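Single-letter residue listing:
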Amino acid sequence: MDALSPADIEQLAARGISADEARRQLALLRQPPPYARVLRPATVGDGIHQLDAADEPRLLERYDRARRLGQILRFVPASGAASRMFKVLEAYRSGVRDDPTVAAAERLAAELDRFPFAAELRRAAGLDGGEAADPRRLIEALLGPGGLDYGRMPKGLVPFHRYTDHLRTAFEEHLVATLEQVRDGSGAARVHFTVSPEHEERFTALLDRRRLFFERRFEGRLEVAFSHQHPRTDTLAIDDDQLPVRREDGSLLLRPGGHGALIENLAALGTPVVLIRNIDNVLPDGRRGIARRWSGLLCGLLLELQDRVFDLTERLETAGAAAIGATRTFVDRWLGAGPPAGEDADRPESWLRLLRRPLRVCGMVRNEGQPGGGPFWVLDGLGRESCQIVEGSQIDPDSGAARRALAAATHFNPVDLACALVDRHRRPYRLEEFVDPATAFVSTKSFGGRSLRALERPGLWNGAMAYWNTVFVEVPAATFAPVKTVFDLLRDEHQEGGGR
């Protein structure tokens, strides 16, 4: 059923989307991809590694050497809107008066002065000194266009921490972390943010105001770049009649394809090593040391494993079958998944195809009730058992085995990744070749009061990296401090440790 008109094809072409790609998306929307074939959770000793304290100095030295040479860049997906942080308060502002919204409104008023933006909010609400705050007035000043307007702001521009002489947004904390973590021997520290086009000017304006302040205080030179999800990664949606959803003018509704679209941005960086961390996962100065140390350890392990991969690749190319034994031992120890089903494991070419892939080392935190995907063994699209990061939306709710695996999970994904993006000849991998398109998923959304089904591209650290070589490492919970709701800013890790 091809519902695309010549005008549709012209509209798609203007965004770089071919008619064949559009038809592929429509087919996926009408016949959604299967759920992940989850076998069991990855656990310590079965897919998750624990680092030996005796190895840490060596790994940190390996990381530090690459840092000084300028081989490392930080990558921060920062397109997320702050609206989810204030969802329950926005519901109260819209007139919803149930137990959760009333409790949230009362808590905001009662604990106002503990929030980093308290002084700004008091001014916006017209409150003098320690005057008690009316919740309705406060929330309107917090979220409304006549006040701080945080409800329409990107999360990266919301103040997260209060210091003695300034406030810092999540974006600014990432600038500081970059100066501390990847500053090279010349003093340059590189970071790349993906942002929404409509908000880039606000990010760059804040950077212009604060760059010199941070460079002087943390002794380095910031090199900051921004990019957007490319329009060609946008996706279609269908309605209840399985037809493409259209706008009032008859044009196709095209939506951002989710953070999995950022695999293109990642591939364009042209750097050997990238450290990935979410925009809302930041710590203040006094608490950031542990996160910095563990990011260095993950990076050091990545580089050490990459050295070994390059050595084995060269041996397979020159010595052939004589190198298979050592390769198999390494793969069993670190990568878990061997050559794809049906390939001859006695042929060097099978192992070469396995090793010639991007490599990532992913930190995993013990599950203490935080939301987020987790590490699992799955049967992947190549017919292998492999370690993957799986989101709850990828797990079949009607599968007893999958639900049991989810219930038995011991760790979750805090998005703390070290990624190696070049081969042993320093050539960048074509990252699009390692995406599993079957891991796209369909979500239910609304548009103009109508229900629709929207296609989400394979997640950046899920299906978009499905065919990378993957290593999971346990990291301390203290490295992870996400801000999913505004009240997370009241947690100890965001209240303590400032002062610089």
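Above: the structure in question.
Cut-offs used in this document
Residues numbered from 1 in each chain as written. Predicted model: local features only at pLDDT ≥ 70, side-chain atom pairs only at ≥ 80, totals over all residues. Heavy atoms only, no water. Helix = DSSP H or I, 4+ residues; strand = E, 2+ residues; numbered from the N terminus. Rg over C-alpha atoms; globule rule 2.2 N^0.38 Å. Buried < 20%, exposed > 50% of the residue type's maximum accessible area, 1.4 Å probe, protein only. Contact = heavy atoms within 4.5 Å. Lys, Arg positive; Asp, Glu negative; His and termini not counted. Charge placed at Lys NZ, Arg CZ, Asp CG, Glu CD. Axes fitted to C-alpha atoms, helices over the stretch in contact; angles between N-to-C directions. Parallel < 35°, antiparallel > 145°, perpendicular 65-115°, else oblique. Left-handed = near helix turned anticlockwise from the far one by under 90°. Pairing = 2+ DSSP bridges. Phe/Tyr/Trp six-rings, centres within 6.5 Å; stacked < 30°, edge-to-face > 60°. Core = buried A, V, L, I, M, F, W, Y, C linked by side-chain atoms within 4.5 Å. Polar contact = N/O pair within 3.5 Å; in protein donor to acceptor, adjacent residues only side chain to side chain. Nonpolar A, V, L, I, M, F, W, Y, C, P; charged D, E, K, R; others polar. 1 Å grid on protein atoms, 1.4 Å probe; cavity = no way out; pocket = protein on both sides within 12 Å on 5 of 7 lines; lining within 4 Å. Points joined across faces, edges and corners; volume = space filled by probe spheres on them. Salt bridge = Lys/Arg side-chain N within 4 Å of Asp/Glu carboxyl O.

Attention shifts here to the overall build of the chain. Check the secondary structure of the chain and you find 15 helices and 18 strands. Against the 2.2 N^0.38 benchmark of 23 Å for 500 residues, the chain shows a C-alpha radius of gyration of 24 Å, consistent with a compact globule. Going through the 500 residues of the chain one by one, you find that 54% of them count as buried. Contacts in the chain between residues far apart in sequence, at least 24 positions, make up 76% of those at least 6 positions apart. In the chain, the 68 positive side-chain charges and the 71 negative ones have mean positions that sit 2 Å from each other.

So, on to the packing of helix 8 (residues 170–181) against helix 9 (residues 200–218). Orientation of helix 8 relative to helix 9, taken along the N-to-C sense of each, is 40°, at an axis distance of 10 Å. Viewed along their axes, helix 8 and helix 9 adopt a mutual orientation that is oblique. Helix 9 is crossed by helix 8, and the crossing has right-handed handedness. Here Phe 171, Glu 172, Leu 175, Val 176, Leu 179 and Glu 180 of helix 8 come into contact with helix 9, specifically with Phe 203, Leu 206, Leu 207, Arg 210, Phe 214, Glu 215 and Phe 218.

A word on helix 7 (residues 135–143). All of the buried residues along helix 7 are Pro 135, Leu 138, Ile 139, Ala 141, Leu 142 and Leu 143. Of the surrounding secondary structure, the elements contacted by the buried residues of helix 7 are helix 4 (87–93), helix 5 (99–110) and helix 6 (118–125).

Time to look at the sheet that holds strand 9 (residues 237–238). Read across the open sheet, the three strands follow the order 9-17-16; overall the sheet is antiparallel. Single-partner strands in this sheet number two, and they are strand 9 and strand 16 (441–447). Helix 2 (residues 19–30) contacts strand 9, strand 16 and strand 17 (450–456) of the sheet and is inclined by roughly 115° relative to strand 17.

Attention now goes to the packing of aromatic side chains. Enumeration over the complete set of coordinates arrives at 13 aromatic pairs. Between Phe 117 and Tyr 150, the aromatic rings sit 5.4 Å apart at their centres with planes inclined by 80°, giving edge-to-face as the arrangement. In this pair, Phe 117 is assigned in the loop between helix 5 and helix 6 and Tyr 150 in the loop between helix 7 and strand 5 (159–162), connecting sequence segments 33 residues apart. Look at Phe 193 and Phe 226: their rings are 6.0 Å apart centre to centre, the planes differ by 25°, and that puts the pair in the stacked class. Here Phe 226 lies in strand 8 (residues 221–227) and Phe 193 lies in strand 7 (residues 188–194), a separation of 33 residues in the sequence. In this pair, the class of Phe 193 matches that of Phe 226, namely buried.

It is worth spelling out the pairing of strand 16 at this point. Here strand 16 runs beside strand 17; their pairing, made up of seven bridges, is antiparallel. Across the sheet, residue Phe 441 finds its bridge partner in strand 17, namely Glu 456. Here strand 16 folds back onto strand 17 in antiparallel fashion, the turn holding two residues, of which Gly 448 has a positive phi close to 60°.

If you look at soluble globular proteins, the nonpolar side chains tend to sit buried side by side. Core analysis: the biggest nonpolar cluster contains 125 residues, and Phe 86, Leu 89, Leu 142, Phe 193, Leu 266, Ile 276 and Met 465 have the highest contact counts within it. Top element by residues in this core is helix 11 (residues 289–319). It accounts for twelve residues. Each residue touching Leu 142, except ones within four places of it in the same chain, is listed here: Phe 86, Leu 89, Leu 108, Phe 117, Leu 121, Leu 148, Asp 149 and Tyr 150. Residues Leu 4, Leu 252, Leu 254 and Leu 455 belong to the second largest nonpolar core, which totals 13 residues.

This part takes up the side chain of Gln 394. Take Gln 394: it is sitting in the loop between strand 13 (385–390) and helix 14 (400–407). Of the residues examined, Gln 394 reaches a relative accessible area of 10% and is grouped as buried. Within the structure, Gln 394 has its side chain in polar contact with the backbone nitrogen of Glu 391 (distance 2.8 Å). Setting aside its immediate chain neighbours within four residues, Gln 394 contacts Tyr 35, Ala 36, Ile 389, Thr 439 and Asn 462.

Right, let's get into the packing of helix 11 against helix 12 (residues 324–335). Viewed as axis vectors pointing N to C, helix 11 and helix 12 meet at an angle of 155°, and their least axial separation amounts to 10 Å. If you check the angle between helix 11 and helix 12, you find them roughly antiparallel. Crossing hand, helix 11 versus helix 12: left-handed. Residues Leu 301, Leu 305, Arg 308, Val 309, Leu 312, Arg 315 and Leu 316 of helix 11 form the contact with helix 12, whose participating residues are Ile 324, Ala 326, Thr 327, Phe 330 and Trp 334. Split by residue class, the contact of helix 11 with helix 12 holds nine nonpolar, one polar and two charged.

For the coordinates displayed, the defined rule picks out five cavities of 30 Å³ or more. Approximately 170 Å³ is the volume found for the largest cavity. Looking at the largest cavity, it is lined by 17 residues, and the ones nearest its centre are Arg 74, Ala 177, Gln 181, Arg 277 and Ala 291. The biggest single contributor to the lining of the largest cavity is helix 8, with five residues. Looking at the lining of the largest cavity residue by residue, the class counts come to six nonpolar, four polar and seven charged. Those elements that place two or more of their residues in the lining of the second largest cavity are strand 13 and strand 18 (469–474).

What follows concerns the side chain of Arg 360. Of note, Arg 360 is situated in strand 11 (residues 359–366). The side chain of Arg 360 sits in the buried core without any salt bridge; Glu 391 is the nearest counter-charge, 9.4 Å away. Among all residues touching Arg 360, those that are not within four sequence positions of it are Leu 302, Gln 388, Ile 389, Leu 417, Ala 418, Cys 419, Trp 461, Met 465, Trp 468, Asn 469, Thr 470 and Val 471.

In this section: the environment of Ser 443. For Ser 443, the location among the structural elements is in strand 16. A residue is classified by how much of its surface remains accessible, and Ser 443, at 14% relative accessible area, is buried. Setting aside residues no more than four positions away along its own chain, Ser 443 makes contact with Leu 452, Arg 453, Ala 454 and Glu 456. A polar contact is formed between the side chain of Ser 443 and the side chain of Glu 456, at a distance of 3.4 Å.

Considering only enclosed or pocket space, the second largest pocket measures out at about 440 Å³ in volume. If you list the elements that add at least two residues to the lining of the second largest pocket, you get strand 12 (374–379), strand 13 and strand 16.

A word on the sheet that holds strand 12. With antiparallel pairing, the three strands of this open sheet are ordered in space as 1-12-13. Strands at the two margins of the open sheet, each flanked by one partner only, are strand 1 (38–41) and strand 13. Each strand of the sheet is rotated relative to its neighbour by a mean of 40°, with strand direction disregarded.

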